[in-house]
Amino acid sequence: MIDFIKGTLIIAGSLFMLLAAIGILRLPDLLTRMHATTKAAALGVMLIMLAAAMHFAETSIVARALAIVVFILMTAPVAAHVIGRAGYFVGSKLWSGTVKDELRPNYDPLTHELKSGMETQENAKRQPRDTDPD
Amino acid sequence: MTGAIWNLLLGLAWVMLSGDFSGLNLLVGLVFGYITLVLIEPQLASLKGYPARIPRIIGFVGFFLKELVQANLRVAFDVLTPPWHMRPGVIAMPLNAKTEMEITMVANLISLTPGTLSLDVSDDRKVLYIHAMFLDDEEGLRRNLKEMEHRALELFADESCVSYWSGDHEPGASARLCSRGARAKPARQSGGAGAVYNHYRRNGGVACHQVRRAQLS
(Lines give C-alpha, C1' and ligand atoms only; values in the text may rest on other atoms or scores of the structure.)
Protein backbone atom coordinates (compact mmCIF):
# COMPACT_ATOMS: atom_id res chain seq x y z
CA MET A 1 0.00 0.00 0.00
CA ILE A 2 2.71 2.48 1.03
CA ASP A 3 4.72 1.48 -2.05
CA PHE A 4 1.72 2.25 -4.18
CA ILE A 5 1.36 5.73 -2.66
CA LYS A 6 5.07 6.45 -3.05
CA GLY A 7 5.04 5.33 -6.66
CA THR A 8 2.00 7.45 -7.45
CA LEU A 9 3.61 10.51 -5.87
CA ILE A 10 6.85 10.11 -7.83
CA ILE A 11 5.06 9.50 -11.13
CA ALA A 12 2.75 12.46 -10.56
CA GLY A 13 5.72 14.66 -9.66
CA SER A 14 7.70 13.72 -12.75
CA LEU A 15 4.60 14.16 -14.92
CA PHE A 16 4.24 17.72 -13.64
CA MET A 17 7.90 18.37 -14.49
CA LEU A 18 7.42 16.91 -17.96
CA LEU A 19 4.43 19.19 -18.31
CA ALA A 20 6.60 22.20 -17.46
CA ALA A 21 9.01 21.20 -20.23
CA ILE A 22 6.20 20.77 -22.76
CA GLY A 23 4.79 24.09 -21.61
CA ILE A 24 8.07 25.89 -22.38
CA LEU A 25 8.00 24.50 -25.90
CA ARG A 26 4.34 25.03 -26.67
CA LEU A 27 3.22 28.23 -24.96
CA PRO A 28 3.31 31.37 -27.10
CA ASP A 29 4.93 34.15 -25.03
CA LEU A 30 7.28 34.76 -22.12
CA LEU A 31 4.70 35.38 -19.41
CA THR A 32 2.60 32.30 -20.14
CA ARG A 33 5.81 30.25 -20.23
CA MET A 34 6.71 31.51 -16.78
CA HIS A 35 3.30 30.27 -15.63
CA ALA A 36 3.94 26.76 -16.84
CA THR A 37 7.55 26.32 -15.74
CA THR A 38 7.83 27.69 -12.23
CA LYS A 39 4.67 26.35 -10.71
CA ALA A 40 4.40 22.93 -12.29
CA ALA A 41 8.07 22.32 -11.52
CA ALA A 42 7.62 23.47 -7.91
CA LEU A 43 4.66 21.13 -7.44
CA GLY A 44 6.64 18.32 -9.06
CA VAL A 45 9.58 18.77 -6.67
CA MET A 46 7.18 18.90 -3.74
CA LEU A 47 5.56 15.59 -4.66
CA ILE A 48 8.88 13.84 -5.26
CA MET A 49 10.30 15.12 -1.97
CA LEU A 50 7.19 13.90 -0.20
CA ALA A 51 7.71 10.45 -1.69
CA ALA A 52 11.39 10.48 -0.66
CA ALA A 53 10.47 11.44 2.90
CA MET A 54 7.92 8.61 3.04
CA HIS A 55 10.38 6.10 1.62
CA PHE A 56 13.25 6.73 4.05
CA ALA A 57 11.13 7.79 7.04
CA GLU A 58 14.17 8.96 9.02
CA THR A 59 14.20 12.23 10.91
CA SER A 60 17.24 13.68 9.15
CA ILE A 61 15.94 12.89 5.66
CA VAL A 62 12.39 14.05 6.40
CA ALA A 63 13.80 17.31 7.77
CA ARG A 64 15.92 17.84 4.65
CA ALA A 65 13.02 17.02 2.33
CA LEU A 66 10.84 19.53 4.18
CA ALA A 67 13.61 22.14 3.98
CA ILE A 68 13.88 21.62 0.21
CA VAL A 69 10.12 22.08 -0.18
CA VAL A 70 10.14 25.24 1.95
CA PHE A 71 13.02 26.79 0.05
CA ILE A 72 11.50 25.93 -3.33
CA LEU A 73 8.23 27.53 -2.23
CA MET A 74 10.11 30.62 -1.08
CA THR A 75 12.33 31.11 -4.12
CA ALA A 76 10.25 29.91 -7.10
CA PRO A 77 7.69 32.77 -7.04
CA VAL A 78 10.40 35.40 -6.57
CA ALA A 79 12.30 34.11 -9.61
CA ALA A 80 9.11 33.96 -11.68
CA HIS A 81 8.16 37.48 -10.64
CA VAL A 82 11.59 38.97 -11.41
CA ILE A 83 11.97 37.26 -14.80
CA GLY A 84 8.40 38.07 -15.84
CA ARG A 85 8.69 41.68 -14.72
CA ALA A 86 12.03 42.21 -16.46
CA GLY A 87 10.71 40.60 -19.63
CA TYR A 88 7.58 42.72 -19.62
CA PHE A 89 9.36 46.04 -19.11
CA VAL A 90 12.16 45.25 -21.56
CA GLY A 91 9.35 44.98 -24.08
CA SER A 92 8.84 41.33 -24.94
CA LYS A 93 5.69 41.04 -27.00
CA LEU A 94 2.55 39.62 -25.42
CA TRP A 95 0.70 36.89 -27.26
CA SER A 96 -1.81 38.08 -29.86
CA GLY A 97 -4.65 36.40 -27.96
CA THR A 98 -4.08 38.53 -24.85
CA VAL A 99 -7.47 39.98 -23.93
CA LYS A 100 -6.51 42.97 -21.82
CA ASP A 101 -3.52 44.81 -20.44
CA GLU A 102 -4.24 47.19 -17.58
CA LEU A 103 -0.57 47.86 -16.90
CA ARG A 104 0.53 49.41 -20.21
CA PRO A 105 -1.50 52.66 -19.98
CA ASN A 106 -0.24 53.28 -16.44
CA TYR A 107 3.43 52.85 -17.25
CA ASP A 108 5.66 55.66 -18.44
CA PRO A 109 8.60 54.18 -20.37
CA LEU A 110 10.66 57.38 -20.13
CA THR A 111 10.52 57.99 -16.38
CA HIS A 112 9.82 54.34 -15.47
CA GLU A 113 6.99 55.60 -13.33
CA LEU A 114 4.20 53.12 -12.65
CA LYS A 115 0.94 54.69 -11.63
CA SER A 116 -1.82 52.81 -9.85
CA GLY A 117 -4.67 54.26 -11.88
CA MET A 118 -6.47 54.86 -8.58
CA GLU A 119 -5.47 58.52 -8.43
CA THR A 120 -8.08 59.63 -10.95
CA GLN A 121 -10.81 57.46 -9.40
CA GLU A 122 -10.13 58.88 -5.98
CA ASN A 123 -10.03 62.41 -7.31
CA ALA A 124 -13.38 61.85 -8.96
CA LYS A 125 -14.96 60.64 -5.73
CA ARG A 126 -13.46 63.39 -3.58
CA GLN A 127 -15.94 65.92 -2.18
CA PRO A 128 -15.07 69.60 -2.68
CA ARG A 129 -13.96 71.38 0.50
CA ASP A 130 -14.20 75.02 1.58
CA THR A 131 -10.45 75.33 1.67
CA ASP A 132 -10.01 74.34 -1.98
CA PRO A 133 -8.64 77.08 -4.24
CA ASP A 134 -11.05 77.99 -7.01
CA MET B 1 6.04 35.72 18.72
CA THR B 2 6.30 35.23 22.49
CA GLY B 3 3.85 32.38 22.14
CA ALA B 4 5.98 30.64 19.51
CA ILE B 5 9.14 30.94 21.66
CA TRP B 6 7.40 29.54 24.73
CA ASN B 7 5.97 26.71 22.67
CA LEU B 8 9.44 25.82 21.39
CA LEU B 9 10.93 26.01 24.91
CA LEU B 10 8.23 23.73 26.28
CA GLY B 11 8.83 21.29 23.44
CA LEU B 12 12.59 21.26 24.10
CA ALA B 13 11.97 20.79 27.83
CA TRP B 14 9.81 17.77 27.00
CA VAL B 15 12.62 16.29 24.86
CA MET B 16 15.20 16.90 27.63
CA LEU B 17 13.09 15.41 30.38
CA SER B 18 11.92 12.37 28.46
CA GLY B 19 15.47 11.72 27.20
CA ASP B 20 14.38 10.62 23.74
CA PHE B 21 16.12 12.89 21.22
CA SER B 22 14.12 12.19 18.08
CA GLY B 23 12.16 14.42 15.76
CA LEU B 24 8.93 12.60 16.51
CA ASN B 25 9.35 13.15 20.24
CA LEU B 26 10.02 16.86 19.66
CA LEU B 27 6.75 16.99 17.73
CA VAL B 28 4.94 15.37 20.65
CA GLY B 29 6.56 17.93 22.98
CA LEU B 30 5.43 20.80 20.74
CA VAL B 31 1.85 19.49 20.76
CA PHE B 32 1.82 19.21 24.56
CA GLY B 33 3.40 22.66 24.84
CA TYR B 34 0.68 24.04 22.59
CA ILE B 35 -2.05 22.47 24.73
CA THR B 36 -0.46 24.00 27.83
CA LEU B 37 -0.39 27.42 26.21
CA VAL B 38 -4.04 27.10 25.20
CA LEU B 39 -4.93 26.33 28.83
CA ILE B 40 -3.01 29.26 30.37
CA GLU B 41 -3.79 31.79 27.63
CA PRO B 42 -6.60 33.60 29.53
CA GLN B 43 -4.22 34.42 32.39
CA LEU B 44 -1.34 35.87 30.36
CA ALA B 45 -1.74 38.99 28.27
CA SER B 46 1.43 38.36 26.27
CA LEU B 47 0.04 35.09 24.89
CA LYS B 48 -3.12 36.72 23.58
CA GLY B 49 -4.09 35.47 20.15
CA TYR B 50 -1.37 32.83 19.84
CA PRO B 51 -3.57 29.69 20.17
CA ALA B 52 -6.02 30.99 17.58
CA ARG B 53 -3.18 31.51 15.16
CA ILE B 54 -2.12 27.89 14.71
CA PRO B 55 -5.46 26.57 13.34
CA ARG B 56 -5.59 29.63 11.10
CA ILE B 57 -2.16 28.81 9.68
CA ILE B 58 -3.12 25.17 9.14
CA GLY B 59 -6.38 26.21 7.48
CA PHE B 60 -4.47 28.59 5.25
CA VAL B 61 -1.98 25.92 4.17
CA GLY B 62 -4.85 23.56 3.33
CA PHE B 63 -6.66 26.24 1.33
CA PHE B 64 -3.46 27.10 -0.49
CA LEU B 65 -2.61 23.50 -1.42
CA LYS B 66 -6.13 23.01 -2.78
CA GLU B 67 -5.77 26.10 -4.98
CA LEU B 68 -2.31 24.99 -6.10
CA VAL B 69 -3.38 21.55 -7.29
CA GLN B 70 -6.63 22.76 -8.87
CA ALA B 71 -5.00 25.51 -10.91
CA ASN B 72 -2.08 23.32 -11.90
CA LEU B 73 -4.46 20.78 -13.42
CA ARG B 74 -6.15 23.51 -15.41
CA VAL B 75 -2.87 24.78 -16.85
CA ALA B 76 -1.88 21.18 -17.53
CA PHE B 77 -5.05 20.61 -19.54
CA ASP B 78 -4.41 23.67 -21.65
CA VAL B 79 -0.78 22.79 -22.32
CA LEU B 80 -1.62 19.25 -23.41
CA THR B 81 -4.62 19.85 -25.68
CA PRO B 82 -3.89 21.42 -29.11
CA PRO B 83 -6.31 24.42 -29.20
CA TRP B 84 -5.67 27.29 -26.78
CA HIS B 85 -8.43 27.71 -24.21
CA MET B 86 -6.56 30.37 -22.31
CA ARG B 87 -7.30 34.08 -22.43
CA PRO B 88 -4.29 35.75 -20.84
CA GLY B 89 -4.20 39.37 -19.74
CA VAL B 90 -2.80 41.79 -17.21
CA ILE B 91 -5.21 42.98 -14.54
CA ALA B 92 -4.80 45.52 -11.75
CA MET B 93 -5.76 44.35 -8.26
CA PRO B 94 -6.27 46.96 -5.52
CA LEU B 95 -4.20 45.98 -2.50
CA ASN B 96 -5.37 45.91 1.08
CA ALA B 97 -1.92 44.97 2.30
CA LYS B 98 -0.13 48.03 3.57
CA THR B 99 3.35 47.18 4.81
CA GLU B 100 6.18 45.94 2.59
CA MET B 101 6.16 42.59 4.36
CA GLU B 102 2.45 42.02 3.71
CA ILE B 103 2.73 43.06 0.07
CA THR B 104 5.70 40.73 -0.45
CA MET B 105 3.80 37.84 1.03
CA VAL B 106 0.62 38.45 -0.96
CA ALA B 107 2.58 38.91 -4.20
CA ASN B 108 4.51 35.69 -3.58
CA LEU B 109 1.36 33.71 -2.89
CA ILE B 110 -0.25 35.04 -6.05
CA SER B 111 2.84 34.09 -8.04
CA LEU B 112 2.79 30.61 -6.54
CA THR B 113 -0.73 29.72 -7.62
CA PRO B 114 -0.63 28.69 -11.26
CA GLY B 115 -2.63 30.87 -13.59
CA THR B 116 -1.56 34.09 -11.88
CA LEU B 117 1.81 35.83 -11.80
CA SER B 118 2.41 39.10 -10.01
CA LEU B 119 4.21 41.48 -12.34
CA ASP B 120 4.75 44.66 -10.42
CA VAL B 121 3.37 46.87 -7.70
CA SER B 122 2.54 50.49 -8.50
CA ASP B 123 4.79 53.23 -7.15
CA ASP B 124 2.24 54.30 -4.54
CA ARG B 125 1.78 50.67 -3.35
CA LYS B 126 -1.95 50.68 -3.98
CA VAL B 127 -2.31 48.30 -6.89
CA LEU B 128 -0.69 45.00 -7.79
CA TYR B 129 -0.46 44.20 -11.49
CA ILE B 130 -1.08 40.54 -12.14
CA HIS B 131 -0.69 38.52 -15.30
CA ALA B 132 -3.50 35.98 -15.36
CA MET B 133 -3.80 33.08 -17.74
CA PHE B 134 -7.55 32.52 -17.61
CA LEU B 135 -9.56 35.70 -17.79
CA ASP B 136 -12.86 34.21 -19.01
CA ASP B 137 -14.28 34.62 -15.50
CA GLU B 138 -12.65 37.83 -14.39
CA GLU B 139 -15.00 38.55 -11.49
CA GLY B 140 -14.48 35.06 -10.09
CA LEU B 141 -10.74 35.40 -10.41
CA ARG B 142 -10.72 38.74 -8.61
CA ARG B 143 -12.85 37.26 -5.83
CA ASN B 144 -10.44 34.33 -5.49
CA LEU B 145 -7.44 36.63 -5.32
CA LYS B 146 -9.16 38.78 -2.73
CA GLU B 147 -9.97 35.75 -0.61
CA MET B 148 -6.38 34.63 -0.75
CA GLU B 149 -5.15 38.09 0.23
CA HIS B 150 -7.63 38.27 3.09
CA ARG B 151 -6.58 34.89 4.44
CA ALA B 152 -2.91 35.77 4.14
CA LEU B 153 -3.42 39.05 5.99
CA GLU B 154 -5.32 37.25 8.75
CA LEU B 155 -2.09 35.47 9.66
CA PHE B 156 -0.64 38.80 10.76
CA ALA B 157 -3.91 39.85 12.32
CA ASP B 158 -3.03 39.89 16.01
CA GLU B 159 -0.23 42.40 15.48
CA SER B 160 -2.10 44.96 13.44
CA CYS B 161 -5.55 45.61 12.09
CA VAL B 162 -6.72 43.71 9.04
CA SER B 163 -8.10 45.58 6.11
CA TYR B 164 -11.37 43.94 5.29
CA TRP B 165 -12.73 44.11 1.81
CA SER B 166 -16.33 43.31 1.02
CA GLY B 167 -16.93 41.75 -2.36
CA ASP B 168 -20.42 43.14 -2.90
CA HIS B 169 -19.50 46.71 -2.07
CA GLU B 170 -18.06 49.22 -4.52
CA PRO B 171 -14.74 47.89 -5.80
CA GLY B 172 -11.66 49.31 -4.21
CA ALA B 173 -13.48 50.51 -1.13
CA SER B 174 -11.78 49.14 1.92
CA ALA B 175 -12.31 49.52 5.60
CA ARG B 176 -9.55 48.91 8.05
CA LEU B 177 -10.97 46.78 10.79
CA CYS B 178 -9.44 45.22 13.80
CA SER B 179 -9.99 41.50 13.98
CA ARG B 180 -9.51 39.17 16.91
CA GLY B 181 -6.60 40.12 19.14
CA ALA B 182 -6.38 43.75 18.21
CA ARG B 183 -10.16 44.12 18.36
CA ALA B 184 -10.40 42.87 21.92
CA LYS B 185 -8.55 45.81 23.43
CA PRO B 186 -10.75 48.72 22.39
CA ALA B 187 -13.85 46.57 22.92
CA ARG B 188 -13.06 46.31 26.59
CA GLN B 189 -12.81 50.05 27.02
CA SER B 190 -15.70 51.31 24.96
CA GLY B 191 -17.64 48.23 23.88
CA GLY B 192 -17.47 49.70 20.41
CA ALA B 193 -15.12 48.00 18.03
CA GLY B 194 -16.42 44.44 18.34
CA ALA B 195 -20.00 45.54 17.86
CA VAL B 196 -18.98 47.59 14.85
CA TYR B 197 -17.29 44.56 13.36
CA ASN B 198 -20.40 42.37 13.71
CA HIS B 199 -22.60 45.15 12.47
CA TYR B 200 -20.28 45.50 9.51
CA ARG B 201 -20.53 41.82 8.70
CA ARG B 202 -24.33 41.98 8.69
CA ASN B 203 -24.72 45.08 6.58
CA GLY B 204 -22.12 44.38 3.97
CA GLY B 205 -19.75 47.11 4.99
CA VAL B 206 -22.00 50.14 4.74
CA ALA B 207 -22.24 50.78 8.45
CA CYS B 208 -18.53 50.55 8.94
CA HIS B 209 -17.81 53.13 6.30
CA GLN B 210 -20.12 55.51 8.10
CA VAL B 211 -18.41 54.82 11.39
CA ARG B 212 -15.02 55.24 9.81
CA ARG B 213 -16.03 58.51 8.24
CA ALA B 214 -17.35 59.68 11.61
CA GLN B 215 -14.03 58.82 13.23
CA LEU B 216 -12.11 60.69 10.57
CA SER B 217 -14.06 63.93 10.71
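As the structure is a computational prediction, the values presented were derived from the model and not from experiment. (Residues numbered from 1 in each chain as written. Chains lettered and ligands numbered in written order. Predicted model: local features only at pLDDT ≥ 70, side-chain atom pairs only at ≥ 80, totals over all residues. Heavy atoms only, no water.)

1. Comments concerning the packing of aromatic side chains
All names here are of chain B. What counts, and what does not: Working definition: rings of Phe, Tyr and Trp (its six-membered ring) pair if their centres are within 6.5 Å, and the pair is stacked with planes under 30 degrees apart, edge-to-face with planes over 60 apart, and tilted otherwise. Runs of H or I in DSSP of at least four residues are treated as helices and runs of E of at least two as strands, each being numbered from the N terminus.
Counting across every chain of the model gives 3 aromatic pairs over all chains. Measuring from centroid to centroid gives 4.9 Å for Trp14 and Phe32, while their planes differ by 45°, and the two rings are tilted. With a gap of 18 residues between them, Trp14 in helix α1 (residues 2-18) and Phe32 in helix α2 (residues 23-40) connect regions that are remote in the sequence. On the numbers, 6.4 Å between centres and 20° between planes, the contact of Phe60 with Phe64 is stacked.

2. A word on helix α1 (residues 2-26) of chain A
Since the α-helix packs 3.6 residues into each turn, any two residues three or four apart lie on the same face. The test is simple: Each residue after the first adds 1.5 Å to the expected span of a helix. Three exposure classes are used, based on accessible area relative to the maximum for each residue type with a 1.4 Å probe and protein chains only: buried under 20%, partly exposed in between, and exposed over 50%. Note on contacts: a residue pair qualifies if any of its non-hydrogen atoms lie within 4.5 Å across the two residues.
For α1(A), built from 25 residues, the straight-helix expectation of 36 Å at 1.5 Å per residue is met to within 8% by its first-to-last C-alpha distance of 36 Å. Residues Lys6(A), Leu9(A), Gly13(A), Phe16(A), Leu19(A), Ala20(A) and Gly23(A) constitute the buried set of α1(A). Close packing links the buried residues of α1(A) with α2 (30-56) of chain A together with α3 (50-80) of chain B.

3. Here we look at the packing of α1(A) against α3(B)
Which entries qualify depends on this criterion: Every angle, taken between N-to-C directions, lies between 0 and 180 degrees, and every axis is a line fitted to C-alpha atoms, over only the stretch in contact when it is a helix. An angle below 35 degrees is treated as roughly parallel, one above 145 as roughly antiparallel, one from 65 to 115 as roughly perpendicular, and anything else as oblique. With the far helix as reference, a near helix turned anticlockwise by less than a right angle produces a left-handed crossing, and one turned clockwise produces a right-handed crossing. In the scheme used here, Gly and all other residues not listed as nonpolar or charged are polar, with Ala, Val, Leu, Ile, Met, Phe, Trp, Tyr, Cys and Pro taken as nonpolar and Asp, Glu, Lys and Arg as charged.
Relative orientation of the contacting elements α1(A) and α3(B) amounts to 50°, with a least axis distance of 10 Å. In terms of axis orientation, α1(A) runs oblique to α3(B). Considering how the two elements wind past one another, α1(A) and α3(B) form a crossing that is left-handed. Residues Phe16(A), Leu19(A), Ile22(A), Gly23(A) and Arg26(A) of α1(A) pack against Asn72(B), Leu73(B), Ala76(B), Asp78(B), Val79(B) and Leu80(B) of α3(B). In the contact of α1(A) with α3(B), the residues fall into 7 nonpolar, 2 polar and 2 charged.

4. Observations concerning the UniProt feature "transmembrane region" (unreviewed entry) in chain A
Applied cut-off: UniProt positions are given in the numbering used here, feature names are shortened, and annotations may be inferred rather than shown by experiment.
With numbering aligned to this structure, UniProt lists the feature "transmembrane region" (unreviewed entry) at residues 6-28, 40-57 and 63-83 of chain A. The span residues 63-83 of chain A carries 100% helix and 0% strand; its end-to-end C-alpha distance comes to 30 Å.

5. Some words on the interface of chain B and chain A
The test is simple: Take the accessible area each of two parts loses on contact, using a 1.4 Å probe, and add the two losses: that sum is the buried area. Any Lys or Arg side-chain nitrogen found within 4 Å of a carboxyl oxygen on Asp or Glu counts as a salt bridge. Side-chain atoms alone can form a polar contact between residues adjacent in sequence; in general such a contact is a pair of N or O atoms within 3.5 Å, and within protein one must be able to donate a hydrogen while the other accepts it.
On the side of chain A, 45 residues touch chain B, which itself brings 45 residues to the contact. Together, the buried faces of chain B and chain A total about 3700 Å²; carbon and sulfur atoms form 67% of this surface. Along the contact surface separating chain B from chain A lie 1 salt bridge. Salt-bridge contacts for Asp120(B) lead to Arg85(A); the nearest nitrogen and oxygen are separated by 2.9 Å. Inspection of the region where chain B meets chain A yields 9 residue pairs in polar contact (both at pLDDT 80 or more). Those elements that place two or more of their residues in the side of chain B that touches chain A are α3, β1 (89-94), α4 (100-112), β2 (116-121), β3 (127-132) and α5 (138-154) of chain B. Looking at the side of chain B that touches chain A residue by residue, the classes come out as 24 nonpolar, 12 polar and 9 charged.

6. Brief notes about the packing of α2(A) against helix α3 (residues 59-90) of chain A
All names here are of chain A. Running from amino to carboxyl end, α2 crosses α3 at an angle of 175°, the nearest separation of the two axes being 9 Å. Here α3 runs roughly antiparallel to α2, going by the angle between their axes. Its residues placed into classes, the contact of α2 with α3 shows 20 nonpolar, 3 polar and no charged.

7. Considering the sheet that holds β2(B)
Sheet strands associate in pairs through backbone hydrogen bonding, adopting either a parallel or an antiparallel arrangement. To keep it simple, the criterion reads: For two strands to be treated as a pair, DSSP must find at least two bridges joining them.
Spatial strand order, β1(A)-β1(B)-β3(B)-β2(B): 4 strands in an open sheet with mixed pairing. Two strands close off the open sheet at either side, each with one partner strand: β1 (100-101) of chain A together with β2 of chain B. In the packing of α2(A) onto the sheet, contacts are made with β2 and β3 of chain B, and the angle to β2(B) comes to roughly 120°.

8. Looking at a nonpolar patch on the surface
All names here are of chain B. Note the following rule: Patch definition: residues above 30% relative accessible area lacking any salt bridge, with like charges linked at up to 9 Å and the nonpolar side chains Val, Leu, Ile, Met, Phe, Trp and Tyr linked at up to 5 Å. For accessible areas, the Shrake-Rupley method is used with a probe of radius 1.4 Å. Any residue's cover is judged against the shown protein chains and nothing else.
Together, Trp14, Val28, Val31, Phe32, Ile35, Leu39, Ile40 and Leu44 line one region of the surface with nonpolar side chains, adding up to about 680 Å² of accessible area. No other element matches α2, which puts 6 residues into the nonpolar patch. Among the structural elements, Leu44 can be located in the loop between α2 and α3.

9. Re the confidence of the model for chain B
All names here are of chain B. Just so we agree on the cut-off: The pLDDT score gives, residue by residue, the confidence of the prediction method on a 0 to 100 scale.
In the predicted model, chain B carries a mean pLDDT of 70, and 71% of its residues have values of at least 70. Here helix α6 (residues 181-190) stands out as the least confident element of chain B, with mean pLDDT 38; α1 is the most confident, with 87. In the model, residues 158-217 has pLDDT below 50 throughout and makes 72 contacts with residues more than four positions away in sequence or in other chains.

10. With respect to α3(A)
For α3(A), spanning 32 residues, the distance from its first C-alpha to its last is 46 Å, which sits close to the expected 46 Å at 1.5 Å a residue. Of all the positions in α3(A), only Ala65(A), Val69(A), Ala76(A), Pro77(A), Ala80(A), Gly84(A), Gly87(A) and Tyr88(A) are classed as buried. Next to the buried residues of α3(A) lie α2 and β1 of chain A together with β1, α4 and β2 of chain B. Phi turns positive, to about 110°, at Gly91(A), one or two residues after α3(A).

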